Amino acid sequence: MPDFVWKGIKNTQYLNGTITALTRDEAAFKLKEDGIIITHLDKKGWETEKKEAVQPKKISFKFSIPRKVKLDKIMIATKKMATMLRSGLAILPSLEMVRDQVDDPLLKKTISEIYQDVESGSSLSKAFGKHPDVFDSIYINLVRAGESSGSLDIFLDKLVLSIRKTIKIRKSIQSALLYPCILLAVATIVLSIMMIFVVPVFAKMFGSMGSQLPAPTLMIVNMSNFLRDPLGGGLLAATLIGSFIAFRMVLKRNIAIRRKWHALILRLPLIGDMALHSNVAQVAMVYGNLTNAGVPVIEALDITAESSKNEIIKDGIQAAKRGVFSGEPLSQLLAKIKVFPIAFSQLVSVGEQTGNMGEMLDTISAYYEEEFDTSVDKMSQMMEPIMICFLGGVIGFILVAMYLPIFKMGQIVTG
């Protein structure tokens, strides 16, 4: 009989050890009979395999562009897998059929390797766990829960729903930013044409007049000369592009700066609400799926924290996890963490009191998805007039500055 490594809480004391049982469910049942609140339970040797699976690869000097599988491709493959399993097909034939129907080369290769691992005797969750770049920890844990419960198709359906909601959130953000980005690009092109081609014509004409130019006109002419100079405009463009790339790299590698940046985003008007609501909706969705799948509370909170892209939200969930480990109710902990809305902790409290936490988390996720959609609509409605006024103001200022000398000459002639 296999041994299972466990960690848990009994009488406010942290305990750990091993237990012998035929299955993980039997091990969990024995521990619960002993009055132990399980925080971690895995087959002995699984963590060693997990660590080996995620060991960093040897440094290679071969240059390659990293590729990721699109979420919609993963969602379609998961949906096909769930349908085949529900129809009565075994795992290996289902994997083979999904592999043959996938058109993404990287996903096809990944499913092929999963097929080979399962065919060699590995569990499906372990086979998925060898590809963390394609399948995240949420995906792997729900697959493992489906295996242990014997309802893999149901949990794959949950994954399809989860991925679909994530795609919806991403598309909403992209659609909200699309119009402002288009206007900004148009403004940049128009201003560049005016400063590089139009202003020099006026400057040449004003130079032949020999009169003193007004301050606004002189400023625009000097800016035009600067932008047309390779050491001026060229250096400025290179600096801006380099600064943007450097900022992205620093954000990716420096957690302290990334934390400050994410805190700033949450404080911004409209954008902050949009970021907060999307993150809270995702947190509720992920945590609800994991708890419904029977994943231990501490582990579920840990995975939920890692699923968040915002460091402030992630820190808040980790702080809540430490409090839950000490025996405090999750709703009270969330209420103490300022980043989470008060309504979030209140709804979680209702779930704790009624005992329907999974159903309540689904409700919370749906509620904050609606709030997110409202925030996106507000931002879209406000960004359109702001960008139009900005573009019209800048172009109008340049045109007035260019015609000021002509107006001045007309006044002299008529005077």
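Before reading on, note that the structure itself is shown above.
> How would you sum up the overall build of the protein chain? Please name residues and give values.
Looking only at helices and strands, the protein chain has 17 helices and three strands in total. For the protein chain, with 415 residues in total, the buried portion stands at 40%. Considering only residue pairs separated by 6 or more positions, the protein chain has 58% of its internal contacts joining residues 24 or more positions apart.

> Please provide a residue-by-residue account of the nonpolar core, values included.
For soluble globular proteins, the rule of thumb is that nonpolar side chains tend to be buried together. Of all hydrophobic cores here, the largest spans 72 residues; its most connected members are L124, F135, Y139, L156, F340 and F344. No other element matches helix α12 (residues 271–292), which puts ten residues into this core. When residues no more than four places from it in sequence are discounted, the contact partners of F340 are V280, I313, G316, I317 and L334. With 15 residues, the next largest nonpolar core counts A187, V199, F202 and L213 among its residues.

> Explain the packing of aromatic side chains to me, and be specific about the residues and the numbers.
On inspection of all chains with the given rule, the structure shows eight aromatic pairs. The structure contains a cluster of three or more aromatic residues connected by ring pairs, namely F340, F344, Y367 and Y368. Here the basic side chain of R99 rests over the ring of Y115, its NZ or CZ set 5.2 Å away from the ring centre.

> Outline unusual backbone geometry, listing residues and values.
Residues other than glycine predominantly adopt negative phi, and peptide bonds predominantly adopt the trans conformation. Even without being glycine, L270 reaches a positive phi, approximately 65 degrees. On the secondary structure map, L270 appears in the loop between α11 (255–267) and α12.

So, how was this worked out
- Residues numbered from 1 in each chain as written.
- Predicted model: local features only at pLDDT ≥ 70, side-chain atom pairs only at ≥ 80, totals over all residues.
- Heavy atoms only, no water.
- Helix = DSSP H or I, 4+ residues; strand = E, 2+ residues; numbered from the N terminus.
- Buried < 20%, exposed > 50% of the residue type's maximum accessible area, 1.4 Å probe, protein only.
- Contact = heavy atoms within 4.5 Å.
- Core = buried A, V, L, I, M, F, W, Y, C linked by side-chain atoms within 4.5 Å.
- Phe/Tyr/Trp six-rings, centres within 6.5 Å; stacked < 30°, edge-to-face > 60°.
- Lys NZ or Arg CZ within 6 Å of the ring centre and 35° of its normal.

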